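If you want the building blocks of each chain, they are given just below.
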Amino acid sequence: RGWHGYWQTPGDAGVETRLTWTLPEGVKAGGLRYPVPERLIVAGLMNYVYEAPFAQLVDLTIPAGLAPGTRLPITVKADYLVCTTEICVPEMQTLATELVVGDGAIDAATRARFDAWRQKLPRPLGSPATWQIADGQFRLAVPFPAGADGDAGAVYFYPLAGGAIDYAAPQVAVRDGDRLTLTTKAATSPADGAINGVLAVGNDRGFLLTAAPGIVSAASPAAAGFALG
């Protein structure tokens, strides 16, 4: 209690987790997959963090045709940062396990544990979003059906790279029919091209999205708005 770890984009402070793998020939590790983060402001700086137990997942690709019983030693060196509101401590762990090629069967307890972790990963949005910067404001329009499951009052956009928004600025989300429009202060040095990020829509729930530059019109006067710090 009192400590936190960091999301892929840490915000105004912090660092992301770095992994160095030692893998058998033909085995490949995918990118680190993060659950939907939380926000923590410390001394005016916005941090994208986890303040409760969380899991970071990686998919390993195993070569086809390996004989059952083949043993695959897996080692990874993890460098990461843990902090309180007063101090930060760089940590390093070397983790190892051994996979054994089998029939793919998974015991119920292990499946349930991993399913619970996967439920906290953001899902692909599946629809293109649009962003625009005008008069120092960043606006993001996201297709989101009015009847879709999600809490509009909990909407928050976490960009996967700098250059989109001022991290510490409040965000105002407006639901307008089948569209969500989010407005916040733009970054000092604005980005160009596509912007990737996670749109949180509730506790531990969110969507991976890609937004292309374009025109984001204002929401209708009847739309409902929510301000989020």
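Located above this text is the structure these notes cover.
Residues numbered from 1 in each chain as written. Predicted model: local features only at pLDDT ≥ 70, side-chain atom pairs only at ≥ 80, totals over all residues. Heavy atoms only, no water.

Draft legend 1. Fine view of the sheet that holds strand β7 (residues 71-83). Pairing is antiparallel in the open sheet, where three strands are placed in the order β2-β7-β8. For this open sheet the edge positions go to β2 (18-22) and β8 (88-100), each flanked by a neighbour on one side alone. With direction set aside, neighbouring strand axes in the sheet form an average angle of 15°. Here β2 runs beside β7; their pairing, made up of five bridges, is antiparallel. Bridge pairing links T20 to K77 in β7. (Pairing = 2+ DSSP bridges. Helix = DSSP H or I, 4+ residues; strand = E, 2+ residues; numbered from the N terminus. Axes fitted to C-alpha atoms, helices over the stretch in contact; angles between N-to-C directions.)

Draft legend 2. Layout of the side chain of R175. If you trace the backbone, R175 turns up in strand β13 (residues 171-176). Notably, R175 is buried but unbridged: the nearest opposite-charge side chain belongs to D178, and the N-O separation is 6.5 Å. Among the polar contacts made by the side chain of R175, one reaches the main-chain carbonyl oxygen of P145 at a distance of 2.6 Å. (Buried < 20%, exposed > 50% of the residue type's maximum accessible area, 1.4 Å probe, protein only. Lys, Arg positive; Asp, Glu negative; His and termini not counted. Salt bridge = Lys/Arg side-chain N within 4 Å of Asp/Glu carboxyl O. Polar contact = N/O pair within 3.5 Å; in protein donor to acceptor, adjacent residues only side chain to side chain.)

Draft legend 3. How the structure looks around the packing of aromatic side chains. Evaluation of the coordinates by the stated rule reveals eleven aromatic pairs. Judged by centre distance (6.4 Å) and plane angle (80°), the ring pair of Y48 and Y156 falls under edge-to-face. In this pair, Y48 is assigned in strand β5 (residues 45-50) and Y156 in strand β12 (residues 156-159), connecting sequence segments 108 residues apart. Given a relative accessible area of 0%, Y156 falls into the buried group. Ring centres of F144 and F207 lie 5.8 Å apart, and the angle between their planes is 75°; on these two criteria the pair is classed as edge-to-face. Placement of the pair is F144 in the loop between β11 (137-143) and β12 and F207 in strand β16 (residues 205-213), with a sequence separation of 63 residues. With relative accessibility at 4%, the residue F144 sits in the buried group. Among the aromatic residues, those joined into a ring-pair cluster are W7, Y48, Y156, Y158 and Y167. (Phe/Tyr/Trp six-rings, centres within 6.5 Å; stacked < 30°, edge-to-face > 60°.)

Draft legend 4. Looking closely at the pairing of β12. Burial along β12 is two-sided: Y156 and Y158 and F157 and P159, pointing in opposite directions, are all buried. Judged from the four bridges that link them, β12 and strand β15 (residues 195-202) form a sheet pairing that is antiparallel. Counterpart to F157 in the pairing with β15 is L199.

Draft legend 5. Main features of the nonpolar core. Core analysis: the largest hydrophobic core is formed by 32 residues, its most contacted members being Y48, F138, L140, V142, F157, L199 and L209. Those elements that place two or more of their residues in this core are β5, β10 (129-134), β11, β12, β14 (179-185), β15 and β16. When residues in this core are grouped by element, the largest group, five residues, is from β15. Here F138 is in contact with W131, Q132, I133, F157, A164, I165, L182, T183, T184, K185, A186 and I195, once residues within four sequence places are set aside. With five residues, the next largest nonpolar core counts Y6, L40, V49 and C83 among its residues. (Core = buried A, V, L, I, M, F, W, Y, C linked by side-chain atoms within 4.5 Å. Contact = heavy atoms within 4.5 Å.)

Draft legend 6. The arrangement of the pairing of β11 in detail. Summarising the sheet, β10 and β11 pair through five bridges and their orientation is antiparallel. The residue of β11 that forms the bridge with A134 is Q137. The turn joining β10 and β11, which pair antiparallel and follow one another in sequence, is formed by two residues; a positive phi near 55° is taken by D135. One ladder, built from seven bridges, connects β11 with β14; its direction is antiparallel. Across the sheet, residue A141 finds its bridge partner in β14, namely T181.

Draft legend 7. Structural detail: the sheet that holds strand β1 (residues 5-11). Taken in spatial order, the three strands make up an open sheet running β1-β5-β4, and their pairing is antiparallel. If you trace the sheet from one side to the other, it starts and ends with β1 and β4 (38-42), each paired once. Each adjacent strand pair in this sheet contributes to an overall mean axis angle of 45°, direction not counted. Pairing analysis gives five bridges linking β4 to β5, with the strands arranged antiparallel. The partner of V42 across the bridge, within β5, is L45.

Draft legend 8. Examining the pattern of salt bridges more closely. Applying the stated rule across the entire model yields eight salt bridges. A salt bridge links R118 to D115, with the shortest nitrogen-to-oxygen separation between them at 3.2 Å. A residue pair is termed a helical-turn pair when its members lie 3 or 4 positions apart in one helix, as R118 and D115 do in helix α1 (residues 108-118) at three residues. Owing to a relative accessible area of 30%, D115 belongs among the partly exposed residues under this scheme. Of the charged contacts in the structure, one is a salt bridge between K120 and D204, with a shortest N-O distance of 3.9 Å.

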